[in-house]
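Residue-level structure breakdown
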Amino acid sequence: RRKPGPIEVLIIGDPKFTPEFREQFEKETRRQPPQLRGAEQEAREVGDEFERLRDEMAGLPPLRITRLIGATLTVNEFRRRLREGTYDIIHYAGHACFDKGEPEASAWLLSDGLLRAREIRNTLAWTASPPWLVFANACEAGMDAGAVANRYQGDVFGLATAFINQGVAAYIAPLWEVDDEVATQLAIDFYRGLLLDRLSLGEA
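The structure presented is a predicted model; accordingly, all values stated were derived computationally and were not measured. Note on numbering: residues in each chain are counted from 1, in written sequence order. In keeping with the model being predicted, local features are shown solely for residues with a pLDDT of at least 70 and side-chain atom pairs are shown and tallied solely at 80 or more, while totals for entire chains, interfaces and linings include all residues. The side-chain values count all of the structure's non-hydrogen atoms but skip hydrogen atoms and water molecules.

1. Let's talk about the overall build of the protein
Across its full length, the protein carries seven helices and eight strands. Residues counted as buried form 46% of the 204 residues belonging to the protein. For the protein, the share of sequence-separated contacts (at least 6 apart) that also reach a separation of at least 24 residues comes to 74%. Accessible surface computed for the protein: about 10300 Å², of which carbon and sulfur atoms make up 49%. The helix count covers DSSP runs of H or I at least four residues long, the strand count covers runs of E at least two residues long, and both are numbered beginning at the N terminus. Partly exposed describes any residue whose relative accessible area lies between the buried limit of under 20% and the exposed limit of over 50%, with all areas from a 1.4 Å probe on protein chains only and scaled to the type maximum. Whether two residues touch is decided by their heavy atoms; if any such pair falls within 4.5 Å, the residues are in contact. Shrake-Rupley sampling with a 1.4 Å probe provides the accessible areas, and residues are treated as covered by the protein chains on show and by no other component.

See below:
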């Protein structure tokens, strides 16, 4: 089920890092996070596909698309958008990191810092309308801690669980490094199957 009205889609592609975050990240990791042109291109192509789908479906259901590609998107700004409960689908193409020792610290990299799993969980706890689908084409974004089953549902073990445990119906992400072109085509085929061909999530 979803709320009435248009399907709201948020596409995030390669958030532009601030110099302060680059400096901080380099101090902590001894490497700089590069901007991901492939992620930016993926987000543009996914956005174009949603526009084609909007035309082909002739507004049944209507699609409303918000693009934040190669732009500044701070942690607080994204958390505000998430808390407002506006979006049904969120597509993220960018950096992610998985912390096996502390899965709640696993994160997406936004413009001014890390958006950690625990922050996602806490933010979604304050919204009555979480997105029903999150697609994160980011290396390591799907990794979980491999926790034993009897603890899994009660705790957050990585990004996937942070979303799922707070009401997101489906979270899709790679478990390993993925070729940019393959990742883009997979996302396009998935959305086309889901929205135009009316396949189930699993079939799509």
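Anyway, onward from the coordinates.
2. Some points on the nonpolar core
By size, the foremost hydrophobic cluster in this structure holds 26 residues, and its most contacted members are Phe78, Ile90, Trp108, Ile120, Phe163 and Tyr171. Ranked by residues supplied to this core, first place goes to helix α6 (residues 159-164) with four residues. If near-sequence neighbours (up to four positions away) are discounted, Phe78 is found in contact with Leu10, Ile12, Leu73, Ile90, Trp108, Leu110 and Leu115. Residues Val46, Leu133, Ala170 and Leu195 belong to the second largest nonpolar core, which totals 21 residues. Buried residues of nine kinds, namely Ala, Val, Leu, Ile, Met, Phe, Trp, Tyr and Cys, make up a nonpolar core once their side-chain atoms join them within 4.5 Å.

3. Looking at the pattern of salt bridges
By definition, a salt bridge exists where a carboxyl oxygen of Asp or Glu is found within 4 Å of a side-chain nitrogen of Lys or Arg. For the structure on display, the rule yields 16 salt bridges. In this structure, Arg192 and Glu49 form a salt bridge, with 2.8 Å as the shortest nitrogen-oxygen distance. Residue Arg192 is located in helix α7 (residues 180-196), and its partner Glu49 is located in helix α2 (residues 37-56); the two are separated by 143 residues in the primary sequence. Given a relative accessible area of 24%, Arg192 falls into the partly exposed group.

4. Focus: the packing of helix α3 (residues 75-84) against helix α4 (residues 117-124)
In contact at an axis separation of 9 Å, α3 and α4 are set at 35° when each is read in the N-to-C sense. The handedness of the crossing between α3 and α4 is right-handed. Between α3 and α4, the residues in contact are Val75, Arg79, Leu82 and Arg83 and Glu119, Ile120, Asn122, Thr123 and Leu124, respectively. In this classification, Asp, Glu, Lys and Arg are treated as charged, Ala, Val, Leu, Ile, Met, Phe, Trp, Tyr, Cys and Pro as nonpolar, and every other residue, Gly included, as polar. Taken together, the residues that form the contact of α3 with α4 break down as four nonpolar, two polar and three charged. Between N-to-C directions, angles span 0 to 180 degrees; the directions come from axes that are lines fitted to C-alpha atoms, helices contributing only their stretch in contact. Left-handed is the label given to a crossing in which the near helix is rotated counterclockwise from the far helix by less than a right angle, and right-handed is the label when the rotation is clockwise.

5. As for the sheet that holds strand β6 (residues 113-116)
Taken in spatial order, the three strands line up as β4-β5-β6 in an open sheet, and their pairing is antiparallel. A strand with exactly one partner marks an edge of an open sheet, and here the two such strands are β4 (96-97) and β6. With four bridges joining them, strand β5 (residues 107-110) and β6 adopt antiparallel strand pairing. Counted as the bridge partner of Leu109 is Leu114 from β6. For two strands to be treated as a pair, DSSP must find no fewer than two bridges joining them.

6. Observations regarding the sheet that holds strand β1 (residues 7-13)
Pairing between the strands of a sheet is mediated by backbone hydrogen bonds and can be parallel or antiparallel. The strand order across the open sheet formed by five strands is β2-β1-β3-β7-β8, and the pairing between neighbours is parallel. Strands at the two margins of the open sheet, each flanked by one partner only, are β2 (63-69) and β8 (170-172). Averaged over neighbouring strand pairs, the angle between their axes works out to 10° when direction is ignored. Across the face of the sheet, α2 comes into contact with β1, β2, β3 (89-93) and β7 (133-137) while running at roughly 165° to β2.

7. Looking at α2
Multiply 1.5 Å by the residue count of a helix minus one, and that product is the helix's expected span. An ideal rise of 1.5 Å per residue puts 28 Å on 20 residues; α2 measures up with 29 Å between its terminal C-alpha atoms. Every buried residue of α2 is accounted for by Ala39, Glu40, Glu42, Ala43, Val46, Gly47, Glu49, Phe50 and Leu53. Along its buried surface, α2 packs onto β1, β2, β3, β7 and α7. One or two residues past the end of α2 sits Ala58, with phi positive at roughly 50°.

8. Concerning the environment of Phe17
For Phe17, the position within the fold is in the loop between β1 and α1 (19-29). On a C-alpha basis, the gap between Phe17 and Leu109 in space is 8.5 Å, while along the polypeptide they are 92 residues apart.

9. Examining the side chain of His95
One can find His95 in the loop between β3 and β4. What His95 contacts, discounting residues up to four positions off in sequence, is Phe17, Pro33, Pro34, Leu36, Ala107, Trp108, Leu109 and Ala138.

10. Examining a negative patch on the surface
Side chains of Glu45, Glu177, Asp179, Asp180 and Glu181 sit close together on the surface and give a patch of like negative charge. Relative to the assigned elements, Glu181 resides in helix α7. Only residues whose relative accessible area exceeds 30% and that take part in no salt bridge are eligible for patches, with like-charged residues grouped when within 9 Å of each other and nonpolar side chains (Val, Leu, Ile, Met, Phe, Trp, Tyr) grouped when within 5 Å. Asp and Glu are treated as the negative residues and Lys and Arg as the positive ones, with His and the ends of the chain left uncounted. Every charge is mapped onto a representative atom, which is NZ of Lys, CZ of Arg, CG of Asp or CD of Glu.

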